[in-house]
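Chain by chain, the residues run as shown.
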Amino acid sequence: VQTVTINNLILNGGLLFQAQNVADTAVLNLLGSINVNVASPIGALGSTANNSANFETLDIGSTISGSGALTVAGAANGGANTGVVRLSAANPYTGNITVAQPSAIASATHRLLQLNHLDALQNATLTLGTTAANGVSFASAANTGTFNIGALGGTANQALADTAGSIVNLNVGS
């Protein structure tokens, strides 16, 4: 596990990935603050097979602000972003975060985007791409109340259960 603190990281269309080795379980904790100005992809490497033990985690404990669009996984990085992006802070971010399913989701429990805080997307729009069924997971340790999401979009199905299988409550819209 590596921790990097960056105060005032500005995303202006660049790629933010945890991309060390597709066959490992590396975790990068990112602390500080992130401002999303322009559409930017984020992700973590993972196996090309579903339900693998090999996936990396990008744990964003940074506070995310701004309104530029974010895309989790998707085609960037050669479609190899099948690992986990965790949002572990209450974020004032007001943009659209799209979960775009790649060819696989490495972890059966910790999906492409994991909400590790009840207010991680309190002001944001969460869009589930048409093929991103169950692309989001809800951390059982954070499931202590209602997960707040600014708005929902997309057409993919999403199970409302946490990583331990317990029911999740959602509040959509402020």
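The preceding data block contains the structure.
Residues numbered from 1 in each chain as written. Predicted model: local features only at pLDDT ≥ 70, side-chain atom pairs only at ≥ 80, totals over all residues. Heavy atoms only, no water.

Enquirer: Break down the overall build of the chain for me, citing the residues and quoting the values.
Expert: Per the secondary structure count, the chain includes zero helices and 14 strands. Along the chain, helices and strands appear, N-terminal first, in the series β-β-β-β-β-β-β-β-β-β-β-β-β-β. Here the chain has a C-alpha radius of gyration of 14 Å; the compact-globule value for 174 residues is 16 Å, and the two agree. Relative to its 174 residues, the chain shows a buried fraction of 47%. Put simply, of all contacts in the chain between residues at least 6 apart along the chain, 79% involve residues at least 24 apart. Within the structure as shown, the chain displays about 7,300 Å² of accessible surface, and the carbon and sulfur contribution to it stands at 49%. (Helix = DSSP H or I, 4+ residues; strand = E, 2+ residues; numbered from the N terminus. Rg over C-alpha atoms; globule rule 2.2 N^0.38 Å. Buried < 20%, exposed > 50% of the residue type's maximum accessible area, 1.4 Å probe, protein only. Contact = heavy atoms within 4.5 Å. Areas by Shrake-Rupley, 256 points an atom, 1.4 Å probe, with all protein chains shown as cover.)

Enquirer: With reference to specific residues and values, describe the packing of aromatic side chains.
Expert: Following the criterion strictly, the structure yields one aromatic pair and no others. Ring geometry for phenylalanine 138 against phenylalanine 147: centres 5.1 Å apart, planes inclined by 65 degrees, an arrangement best described as edge-to-face. Here phenylalanine 138 matches phenylalanine 147 in class, with each residue buried. (Phe/Tyr/Trp six-rings, centres within 6.5 Å; stacked < 30°, edge-to-face > 60°.)

Enquirer: Got a sec to walk through the side chain of threonine 57? Specific residues and values, please.
Expert: Considering the arrangement of structural elements, one finds threonine 57 in strand β5 (residues 57-60). Residue threonine 57 is classed as buried on the basis of its relative accessible area of 4%. Those residues within four positions of threonine 57 in sequence are excluded, and the remaining contacts are Gln18, Ala26, Val27, Leu28, Ala44, Val84 and Arg86.

Enquirer: Got a sec to walk through the pattern of salt bridges? Specific residues and values, please.
Expert: The full count for this structure, using the stated rule, is one salt bridge. Measuring nitrogen to oxygen at the nearest pair gives 3.4 Å for the salt bridge that ties aspartate 59 to arginine 86. Of this pair, aspartate 59 sits in strand β5 while arginine 86 sits in strand β8 (residues 84-87); the two residues are 27 residues apart in sequence, bridging distant segments of the chain. When its relative accessible area of 13% is taken as the criterion, aspartate 59 is described as buried. (Salt bridge = Lys/Arg side-chain N within 4 Å of Asp/Glu carboxyl O.)

Enquirer: Summarise the side chain of aspartate 162; cite the residues concerned and give the values.
Expert: Looking at the secondary structure, you find aspartate 162 in the loop between β13 (146-154) and β14 (169-172). The side chain of aspartate 162 is buried and forms no salt bridge, while arginine 111, the nearest opposite charge, is found at 13 Å. For aspartate 162, the side chain forms a polar contact with the side chain of asparagine 143, separated by 2.9 Å. Apart from the residues within four sequence positions on either side, aspartate 162 is in contact with Phe138, Ala139, Ser140, Asn143 and Val168. (Lys, Arg positive; Asp, Glu negative; His and termini not counted. Polar contact = N/O pair within 3.5 Å; in protein donor to acceptor, adjacent residues only side chain to side chain.)

Enquirer: Can you lay out the layout of surface pockets for me, pointing to particular residues and giving the numbers?
Expert: Here the largest pocket is characterised by a volume of approximately 160 Å³. Lining of the largest pocket is provided by 14 residues; of these, Thr109, Arg111, Ser137, Ala161 and Asp162 occupy positions nearest its centre. Along the lines of polarity and charge, the residues of the lining of the largest pocket split into six nonpolar, six polar and two charged. (1 Å grid on protein atoms, 1.4 Å probe; cavity = no way out; pocket = protein on both sides within 12 Å on 5 of 7 lines; lining within 4 Å. Points joined across faces, edges and corners; volume = space filled by probe spheres on them. Nonpolar A, V, L, I, M, F, W, Y, C, P; charged D, E, K, R; others polar.)

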